[in-house]
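One letter stands for each residue in the lines below.
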Amino acid sequence: MEQNNSNNAPKTNDLNYSNVMDLKGEYSHPLMLANKGTASSLLLEDYVRSHISSSPVKGTTTRPDIHILPKSSESPFGDFPGDMKPRKINEINEYDTSLEISGSKMLSGKTISPKTEHGTFQWTSKKVGSGGATSSLLEGKKPPSPPKPVATAFKKRKIPETQFRKFYERGDLPISIKHLGTNEVHWKVKPDKLDYHHYLPIFFDGLREKEEPYRFLAVQGTFDLLKNGKDKIVNCIPQLIIPIKTALNTRDPEIICTILKVIQILVLSNKVVGEKLVPYYRQILPIFNLFKTKNINIGDSIEYSQRKRMNIGDLIEETLQLLEQTGGEDAFINIKYMIPTYEPCVLNDYSPLK
């Protein structure tokens, strides 16, 4: 009598998707496979944006978003004291905007010229005083009305400094980049041997980095820790809420997409994580509600961000459904309280993860 080999395959997690087998023959959730190359895809997107896109950013020495990026420390041990900072080489003392006359030659205020005892005096600007002024009853032009105020709800906020950059520059993190055909994170200590209470919040804090190599190391390191953490992750959840909330509050779509993918892997890493996150929905979901409808109406054109998993509206809907499916009985009512437009994806009598 022949045996059915289908029983050898692992059971699904009772979610909408069934587990699939990857190239190594291991069964995992489809979202785990979809988010596997997140760190490398960010590097590729930066290259496409700066070299191959229709309007590449070339010839600039600074990034367009340099004003919101966190500032690097001046040394591995922090910033220099105020009296020990190196002086600028080309430091020019500008004169005031008044004009100077030296002898019979008129010079602008920005021109550096030696002052002499004779023939040098300060020239006052025009239209000073009331001499020679005329009066008229004709009404002048009305000043233009001020521009309408903008809510700036979707405006990118300045990214706070991260502890991850500080620890990495100081050499306190057991990681480095392994340069192969594709970049990988080289762990000097196996991830399952690390203290997750100490290292996991630091890597989550680095998820809001946008400069290399900090971003690649933080994102890929976080995925490696979540993959090998198992039961250690559950006790660290309260320490992960503040880094997640801080990254979401930057309102940067690129950072928010990375956080959404990390939350998906975090929920799938352990069956208990979904229920442990329910009390913290009030800290996480407000930004979800803000960007939930952030989609582009392009008709029948191709939306490449869906294939690249950079469409923030689809990722939020996908993450909310995963939170509802793994959060237990109270998950939907708490999501509905924070996001009134959310519709359930499971039946009311659904009991997740039996």
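Note: the structure precedes this text.
Fair warning: this is a prediction, and the values are worked out from it, not measured in the lab.

Cut-offs used in this document
- Residues numbered from 1 in each chain as written.
- Predicted model: local features only at pLDDT ≥ 70, side-chain atom pairs only at ≥ 80, totals over all residues.
- Heavy atoms only, no water.
- Helix = DSSP H or I, 4+ residues; strand = E, 2+ residues; numbered from the N terminus.
- Buried < 20%, exposed > 50% of the residue type's maximum accessible area, 1.4 Å probe, protein only.
- Areas by Shrake-Rupley, 256 points an atom, 1.4 Å probe, with all protein chains shown as cover.
- Axes fitted to C-alpha atoms, helices over the stretch in contact; angles between N-to-C directions.
- Parallel < 35°, antiparallel > 145°, perpendicular 65-115°, else oblique.
- Left-handed = near helix turned anticlockwise from the far one by under 90°.
- Contact = heavy atoms within 4.5 Å.
- Nonpolar A, V, L, I, M, F, W, Y, C, P; charged D, E, K, R; others polar.
- Pairing = 2+ DSSP bridges.
- 1 Å grid on protein atoms, 1.4 Å probe; cavity = no way out; pocket = protein on both sides within 12 Å on 5 of 7 lines; lining within 4 Å.
- Points joined across faces, edges and corners; volume = space filled by probe spheres on them.
- Core = buried A, V, L, I, M, F, W, Y, C linked by side-chain atoms within 4.5 Å.
- Expected span 1.5 Å × (residues − 1).
- Salt bridge = Lys/Arg side-chain N within 4 Å of Asp/Glu carboxyl O.
- Polar contact = N/O pair within 3.5 Å; in protein donor to acceptor, adjacent residues only side chain to side chain.
- Phe/Tyr/Trp six-rings, centres within 6.5 Å; stacked < 30°, edge-to-face > 60°.

Student: Which residues make up the overall build of the protein, and what values do they have?
Tutor: A count of helices and strands for the protein gives twelve helices and seven strands. Taking all 354 residues of the protein together, 36% fall into the buried category. Accessible surface, the protein as shown: approximately 23,600 Å² in total, 54% of it carbon and sulfur.

Student: Explain the packing of helix α4 (residues 196-205) against helix α5 (residues 214-229) to me, and be specific about the residues and the numbers.
Tutor: Following both chains from N to C, one finds α4 and α5 inclined at 140°, their axes separated by 9 Å at the closest point. With respect to α5, the axis of α4 lies oblique. Once α4 is placed against α5, the crossing between them reads as left-handed. Contact residues: α4 offers Tyr-196, Leu-200, Phe-203 and Phe-204, while α5 offers Leu-217, Ala-218, Gly-221, Thr-222, Leu-225, Leu-226, Asn-228 and Gly-229. Tallied by class, the residues present in the contact of α4 with α5 amount to eight nonpolar, four polar and no charged.

Student: So what's going on with the pairing of strand β6 (residues 175-178)? Which residues, and what values?
Tutor: Both β6 and strand β7 (residues 184-187) contribute to a ladder of four bridges, which runs antiparallel. Bridge assignment links Ile-177 to a residue of β7, and that residue is Val-185. Counting the residues between successive antiparallel strands, the hairpin from β6 to β7 contains five residues.

Student: Outline empty space enclosed by the protein, supporting the account with residue identities and numerical values.
Tutor: All chains considered together, the criterion is met by three cavities of 30 Å³ or more. By volume, the second largest cavity amounts to about 40 Å³. Lining the second largest cavity are Leu-42, Leu-207, Glu-209, Lys-210, Arg-215, Val-219, Glu-254, Ile-255 and Thr-258. When residues of the lining of the second largest cavity are traced back to their parent elements, those giving at least two are α5 and α7 (253-269). The greatest single-element share of the lining of the second largest cavity, amounting to three residues, is contributed by α7. Classifying every residue of the lining of the second largest cavity by side-chain character gives four nonpolar, one polar and four charged.

Student: I'd like a description of the environment of Tyr-337, backed by residues and values.
Tutor: Looking at the element boundaries, Tyr-337 is found in helix α12 (residues 331-338). When the C-alpha atoms of Tyr-337 and Arg-282 are compared, they prove to be 9.1 Å apart, with 55 residues separating the residues in sequence.

Student: Give me the nonpolar core: which residues, what numbers.
Tutor: With 66 residues, the main nonpolar core has Phe-164, Leu-200, Leu-277, Leu-285 and Phe-288 as its most contacted residues. In terms of residue count, α7 provides more of this core than any other element does, eleven residues in total. When near neighbours in sequence (up to four residues on either side) are disregarded, Leu-277 contacts Ile-237, Ile-241, Leu-266, Val-267 and Leu-323.

Student: I'd like to hear about α5, residue by residue, with values.
Tutor: Helix length check: α5 (16 residues) gives 21 Å between terminal C-alpha atoms against 22 Å at 1.5 Å per residue, within 8%. Taken across its 16 residues, α5 has 14 buried, putting it largely inside the fold. Phi for Lys-230, located one or two positions after α5, is positive at around 55°.

Student: Lay out the pattern of salt bridges with the relevant residues and their values.
Tutor: Under the defined criterion, the tally for this structure stands at ten salt bridges. For Arg-165, the salt bridge is made with Glu-209, and the minimal N-O distance between the two is 2.6 Å. Residue Arg-165 is found in helix α3 (residues 163-169), and its partner Glu-209 is found in the loop between α4 and α5; the two are separated by 44 residues along the sequence. Of the two residues examined, Arg-165 and Glu-209, each falls in the buried class.

Student: Residues and numbers for unusual backbone geometry, please.
Tutor: Note that the residue after Glu-212, namely Pro-213, is joined by a cis bond; omega there is 5°. Position of Pro-213 among the secondary structure elements: in the loop between α4 and α5. Phi is positive for Thr-152, which is not a glycine, with a value near 55°. What makes Thr-152 partly exposed here is its relative accessible area of 33%. Phi at Arg-251 is positive, roughly 60°, even though this residue is not glycine.

Student: Can you tell me about the environment of Ile-287, naming the residues and giving the values?
Tutor: Position of Ile-287 relative to the elements: it lies in helix α9 (residues 281-291). Spatially, the C-alpha atom of Ile-287 lies 7.1 Å from that of Asn-249, the residues being 38 residues apart in sequence. In this view, Ile-287 contacts Leu-248, Asn-249, Arg-251 and Ile-256; residues no more than four positions away in its chain are not counted.

Student: Go over α4, please, and point to the residues and values.
Tutor: Because each turn of an α-helix spans 3.6 residues, side chains separated by three or four positions in sequence point in the same direction. Most of α4 sits out of view: eight of its ten residues are buried. Residues of α4 that are buried: Tyr-196, Tyr-199, Leu-200, Pro-201, Ile-202, Phe-203, Phe-204 and Asp-205. Lining the buried residues of α4 we find α3, β6, β7, α5, α6 (237-248) and α7. Here α4 starts with a cap whose side-chain oxygen sits 3.3 Å from the backbone nitrogen of His-197, and that cap is Asp-195.

Student: Talk me through the packing of aromatic side chains; I want residue IDs and the actual numbers.
Tutor: Under the criterion given, the structure shown has six aromatic pairs. An angle of 90° between the planes, with centres 6.0 Å apart, marks the rings of Tyr-168 and Tyr-214 as edge-to-face. With Tyr-168 in helix α3 and Tyr-214 in helix α5, this residue pair connects regions lying 46 residues apart in the sequence. Given the relative accessible area of 25%, Tyr-168 is considered partly exposed. Looking at Tyr-214, the relative accessible area reads 12%, which means it is buried.

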